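Here is what each chain is made of, one letter per residue.
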4 protein chains.
Amino acid sequence: MKVEPVKARKGMKVSELLEAFSLSAFNARRLGEAGKLWRKMLEDDAFIFLTLAGAMVPAGMRRILETVVSNGFVNSIILTGANIVHELCEALGFSHEIGSEKVDDIELAEMDINRIYDVFVPTSAFVAVEEFLSKLFGQLSGNISSYEILWEIGKNLKNSFLSLAFERRIPVFCPTLHDSIAGLHLMLYGKKVVLDYKKDMEKIIELCSQKKKFGIVIIGGGVPKNFALQAMLLSDGFDYAIQITTDSPQFGGLSGATLEEAKSWCKLKSDAKAVTVYCDATIALPMLVCYLIDSFSEGDV
Amino acid sequence: MKVEPVKARKGMKVSELLEAFSLSAFNARRLGEAGKLWRKMLEDDAFIFLTLAGAMVPAGMRRILETVVSNGFVNSIILTGANIVHELCEALGFSHEIGSEKVDDIELAEMDINRIYDVFVPTSAFVAVEEFLSKLFGQLSGNISSYEILWEIGKNLKNSFLSLAFERRIPVFCPTLHDSIAGLHLMLYGKKVVLDYKKDMEKIIELCSQKKKFGIVIIGGGVPKNFALQAMLLSDGFDYAIQITTDSPQFGGLSGATLEEAKSWCKLKSDAKAVTVYCDATIALPMLVCYLIDSFSEGDV
Amino acid sequence: MKVEPVKARKGMKVSELLEAFSLSAFNARRLGEAGKLWRKMLEDDAFIFLTLAGAMVPAGMRRILETVVSNGFVNSIILTGANIVHELCEALGFSHEIGSEKVDDIELAEMDINRIYDVFVPTSAFVAVEEFLSKLFGQLSGNISSYEILWEIGKNLKNSFLSLAFERRIPVFCPTLHDSIAGLHLMLYGKKVVLDYKKDMEKIIELCSQKKKFGIVIIGGGVPKNFALQAMLLSDGFDYAIQITTDSPQFGGLSGATLEEAKSWCKLKSDAKAVTVYCDATIALPMLVCYLIDSFSEGDV
Amino acid sequence: MKVEPVKARKGMKVSELLEAFSLSAFNARRLGEAGKLWRKMLEDDAFIFLTLAGAMVPAGMRRILETVVSNGFVNSIILTGANIVHELCEALGFSHEIGSEKVDDIELAEMDINRIYDVFVPTSAFVAVEEFLSKLFGQLSGNISSYEILWEIGKNLKNSFLSLAFERRIPVFCPTLHDSIAGLHLMLYGKKVVLDYKKDMEKIIELCSQKKKFGIVIIGGGVPKNFALQAMLLSDGFDYAIQITTDSPQFGGLSGATLEEAKSWCKLKSDAKAVTVYCDATIALPMLVCYLIDSFSEGDV
């Protein structure tokens, strides 16, 4: 099949560009193929996990997550604690600020501004998070999973993908919740509660045992990637997998590992369709979501 | 200013997404800013260089180059010899094939197929290039610059950004023409001609001495980047610069070097506006071109 | 100060080369500076954390970890679950095999061989791990921290950095123990035990409250990096920091984030000495350890 | 074969560590294998090309190049113009300074200091280069190759790998000489001379036609890599190849392309032994040279 040179047109839609990308090369082609594969997952009614590492919420991706949940593009989310904490900042009315990476970090520290590459967060935003979480954690007791905590958070929140996820009972796992500011709050204010990941593992293994096809969309590797892939060690493996990463395979780390490597572990089925896009997810993820929106009439998914 | 969470919409245009990206973070924001900066270069009537390294033509980017030339988005192009050779393949009717990087390269060699990551080119395509170039080079004599050779090629070609560039007398420099299959042909068939880059240097330095503002769009570093930046050592420096690269600064190479570093060399003016997007150019460049198309009514540029 | 060209000599020691590197440039210089900074941490009697992500044990780094513990080069270790599981494989007599990344992963799966880039691990190795852990986890009950579990493991093991760490009561934290095969075993066989990271957090915060200077050596980012840095949110910040990573800052992720960024969060003191080496840790870490060994007479640290 | 955990020892030599690395994994193993492969090239009396991109001389690698030439570790060098210019700075008595990448480049520009990542070069150093080259270029006339110019430079220089190369008549090619400050000087002062790369191509093709085995050591990609590989299009292909790069394959560029890809082009023989090390060459190259020195008694190569 020929490489079909990409043509830019006036008023070109993101979904049209992705379609064109799928016949080009390198990561443009991979991005186009990823769009088609995600669509296929949905058409085949697969159960789809989205794993999320990296500072996606601070980087302005929370409405994309809302769209992903409200349109039914995923059935479960696994993310890092930092994304939860920063989502709370935003949902509670605080903003992340457009900053710069070319700054004096010591000056920022003196101004109580925390930096995530080119995003600034005032320490004051975390005060609101602490207030919210201290109250919520104070009411919990017993052994509890992260997904139950996140539903509890979603129940008490408005205007967030976490509240949508609660409403739809979409399990949102956070296997690194303890390794975040929320984890510190749990330690300080949740004296009667124990975060018990065993319950998360049981839940995700249960999800992976459904009589369904399984898909996974991996953003950025890390624990969320491993947590989902590993659940498949006790099941049959994923049928479809998309990975968006800025890591490379040649250093041997999991975040950059190819999806083929996952086949040797039987975390993907031997005939699983898989595509890795080497691209900043702040660019790739919104494009994929635009593609999905245009692929389905409302109510179709 | 707040990070404004990106929202995906039905039928969203690439230009709308880029506009949204410019208020997000990381490389999405950089891509959005790059779009605005290129638009500003055009609004300010700057003289714009486009430098091109990497296998952009094999990767399906030749129609994008056509659009860039035909819409007046650039005033001069500097590229690598490989892009010329592969443009000739396409313009002469041969295609690049959609391949895969997961192949046995020894088998490919036995089938006379050459691989560029996930693109295949049959050796037969190069036969047509040799035929075309042997005839053309046989007619040349004396000391000649690369831009004159490329105009000569453009004059004898149809359906190519090189023919458009010839028609509009847009200088296309190829400071590594000798380091390509075209260079081998020049050695074999251009016995009476000497490729004299001194004339290219004089030409580009002349261009850089115009009473104008100067912009540069750097795709992928390499000699094209250096060739254009260096010309500014004898002039006042660029006023605007965009860089799209997958290299990183921390290894000390030019291709990954920041645009700030170029300010220490006075290749950029001290107050030059500059943005680097860390992204595969097969994704970023078409998006920028879509943005420019939507930014101007026809005839506006 | 001048860049001093590096000179290779017959019989040159690693420590001599690192010394020479410190007056060169790019990552050679950074590696040389990292050696000097780690030595300074030890001379200043700082309390030093080593954080470890990536498949360091499968990659043949376990004897380096032994040396690091037995020579007192670190006072606490924070690592990923995978490193624990693979250390158990080795300590229980199973080996990792020299493999290749250019293989058919489906064939590997059929042969019950799991791949970590260019390392192979037979599934049989994990059977021994399961036997060991099922017995050990069956005897535990109540809420327990990861560092207590790892001491328990070390107590029952020979010929491992984990046994040395137990003997010396060096806390080894594994904040992602649940996200590993060991975590699966804990779920299956540790019915009466709950892995309670709150206790890990209390312990590490206690360590960070000592009246001491604090150093950190970060290998590869991930949760171990965040877990240690975050503990300093409740204390005064690190005085010295070394980071060895193959990630880049420009994608906004924590693993590639600069140590300067950590200063904005007050996780490093404003005047902390910090150096990041962009290099595969399988190369950089053994070199640093050679440098430390040659820097101190036995019994000096 | 087992992964053999690396053990650090007091007084460990670089060559011993590399030997140990060859039984580990990831890029440590690759570095160990590269050492053995380079040694084998020498034992097999192969004709060895060294290609050099990136700012190796500014980074303090010029004595390594001297050692490589004086010990006969290579038979021909292909490098970028920048390395020539900076070698001239050093050989003429000017130094590169230990700088930092965390600086204000506008301030540097005002102080006439040019930055190469963390290395500073005062503009004054280039004045000496201009003086030297203007005199030399003024005496040349006619069509001349880059390797003849570099021998001419070597003849007039002391204390440089270029003078050693001249003494031993080792061809040093610079296919991007025009794209450097030396190229500007050639344009300004070499009015009677034309840099004719056709003669370089003829020379390297002649070298590649010897009845010998051929090896290549590629540092950093770029034009030097392509120039050497391409010469093999008219010959039989390399028998051995080592590549040290910080680029990655997945973006489709030549500098990151695998050596397997080069086999599809027949630039490497189908049975060529090849190893790529993903590492900053400022670290890897001196280690390889230490390994070679320890591998041969003097006079052995």
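Residues numbered from 1 in each chain as written. Chains lettered and ligands numbered in written order. Predicted model: local features only at pLDDT ≥ 70, side-chain atom pairs only at ≥ 80, totals over all residues.

(A) Fine view of the overall build of chain A. If you tally the helices and strands in chain A, you get 13 helices and 11 strands. Relative to the globule expectation of 19 Å for 301 residues, the C-alpha radius of gyration of chain A, 20 Å, shows essentially globular dimensions. Of all 301 residues assigned to chain A, the portion counted as buried reaches 66%. (Helix = DSSP H or I, 4+ residues; strand = E, 2+ residues; numbered from the N terminus. Rg over C-alpha atoms; globule rule 2.2 N^0.38 Å. Buried ≥ 20, exposed ≤ 12 C-beta atoms within 10 Å, placed from the backbone.)

(B) Geometry of the environment of Thr123 of chain A. All names here are of chain A. If you trace the backbone, Thr123 turns up in helix α6 (residues 123-139). On the basis of neighbour count, Thr123 is assigned to the partly exposed category, with 13 C-beta atoms found within 10 Å. Setting aside its immediate chain neighbours within four residues, Thr123 contacts Asp112 and Asn114. (Contact = placed C-beta atoms within 7 Å.)

(C) Here's a closer look at the interface of chain D and chain C. At the junction of the two partners, chain D supplies 47 residues and chain C supplies 47 residues. For the side of chain D that touches chain C, the secondary-structure elements that each account for two or more residues are α1 (14-21), α2 (26-43), α3 (62-70), β3 (97-98) and α13 (281-295) of chain D. Among the elements that take part in the side of chain D that touches chain C, α13 of chain D stands out by supplying 7 residues, more than any other.

(D) How the structure looks around the sheet that holds strand β9 (residues 214-219) of chain D. Residues and elements named next belong to chain D. Pairing is parallel in the open sheet, where 6 strands are placed in the order β7-β2-β1-β9-β10-β11. The sheet terminates laterally at β7 (172-173) and β11 (268-278), the two strands that pair on one side only. Pairing of strand β10 (residues 238-245) with β11, which is carried by 7 bridges, proceeds in the parallel orientation. Pairing of Ile242 across the sheet is with Val275, part of β11. (Pairing = 2+ DSSP bridges.)

(E) Region of interest: the relation of the copies chain D and chain C. Of the transformation superimposing chain D on chain C, the axial component is 0.0 Å and the angular component is 180 degrees, with the fit at an RMSD of 0.0 Å. Here the symmetry operator amounts to a two-fold rotation axis. No C-alpha of chain D approaches the rotation axis more nearly than that of Lys13 of chain D, which lies at 2.0 Å. Here 100% of the interface residues in chain D have copies in chain C that are interface residues too; the copies meet face to matching face. (Least-squares fit on C-alpha atoms with pLDDT ≥ 70 in both.)

(F) Region of the structure containing the relation of the copies chain B and chain C. The two copies are related by a screw motion: chain B maps onto chain C through a turn of 180 degrees and a shift of 0.0 Å along the axis, at an RMSD of 0.0 Å. In this assembly the copies share their binding face: 100% of the residues contributing to the interface of chain B also contribute to that of chain C.

(G) Layout of the sheet that holds strand β9 (residues 214-219) of chain C. Ordered in space as β7-β2-β1-β9-β10-β11 (chain C), the 6 strands form an open sheet in which the pairing is parallel. Two strands lie at the open edges of the sheet, namely β7 (172-173) and β11 (268-278) of chain C, each paired on one side alone.

(H) Here's a closer look at α3 of chain D. All names here are of chain D. Of all 9 residues in α3, 7 are buried; the element is thus mostly enclosed. Of the positions making up α3, those classed as buried are Arg62, Ile64, Leu65, Glu66, Thr67, Val68 and Val69. Residues of α3 that are buried sit in contact with β1 (47-52), α4 (81-91), α8 (161-167) and α13. Once α3 ends, the next one or two residues include Gly72, with phi positive near 70 degrees.

(I) Local environment of the environment of Pro286 of chain C. Residues and elements named next belong to chain C. Residue placement: Pro286 occurs in helix α13 (residues 281-295). By C-beta crowding, Pro286 is classed as buried, having 25 other C-beta atoms within 10 Å. A sequence separation of 123 residues divides Pro286 from Ser163, and the C-alpha atoms of the two residues are 21 Å apart.

(J) Just the pairing of strand β2 (residues 76-79) of chain B, in detail. Residues and elements named next belong to chain B. Burial of β2 is two-sided: the residues Ser76 and Ile78 facing one way and the residues Ile77 and Leu79 facing the other way are all buried. Looking at chain direction, strand β1 (residues 47-52) and β2 are connected through 4 bridges and run parallel. The partner of Leu52 across the bridge, within β2, is Leu79. Each parallel crossover has a hand, and for β1 linked through helix α3 (residues 62-70) to β2 it is right-handed. Direction of pairing for β2 relative to strand β7 (residues 172-173): parallel, over a ladder of 2 bridges. Bridging from a neighbouring strand, Ile77 pairs with Val172 of β7. (Right-handed = clockwise from strand over helix to strand, strands pointing away.)

(K) A look at the confidence of the model for chain A. Looking at chain A, pLDDT values average 97 and 99% of them are 70 or higher. In the predicted assembly, ipTM is 0.97 and pTM is 0.97. (pLDDT = per-residue confidence, 0-100.)

(L) Structural context of the pairing of β11 of chain D. Along β11 of chain D, 8 of the 11 residues are buried, which leaves the element largely enclosed by surrounding structure. Chirality of the crossover, the property in question, places the unit of β10 of chain D, helix α12 (residues 259-264) of chain D and β11 of chain D among those that are right-handed.

(M) Main features of unusual backbone geometry. Of note, Asp112 of chain C is a non-glycine position whose phi angle comes to about 60 degrees, a positive value. Of note, Asp112 of chain C is situated in the loop between α5 (105-110) and β4 (113-116). Owing to 13 C-beta atoms within 10 Å, Asp112 of chain C belongs among the partly exposed residues under this scheme. For Asn159 of chain D, which is not glycine, the phi torsion reads 60 degrees and is therefore positive.

(N) Region of the structure containing the environment of Ser209 of chain A. Counting through the fold element by element, Ser209 of chain A comes out in the loop between α10 (197-207) and β9 (214-219). When the C-alpha positions of Ser209 of chain A and Leu234 of chain A are compared, they lie 8.5 Å apart, and in sequence the two are 25 residues distant.

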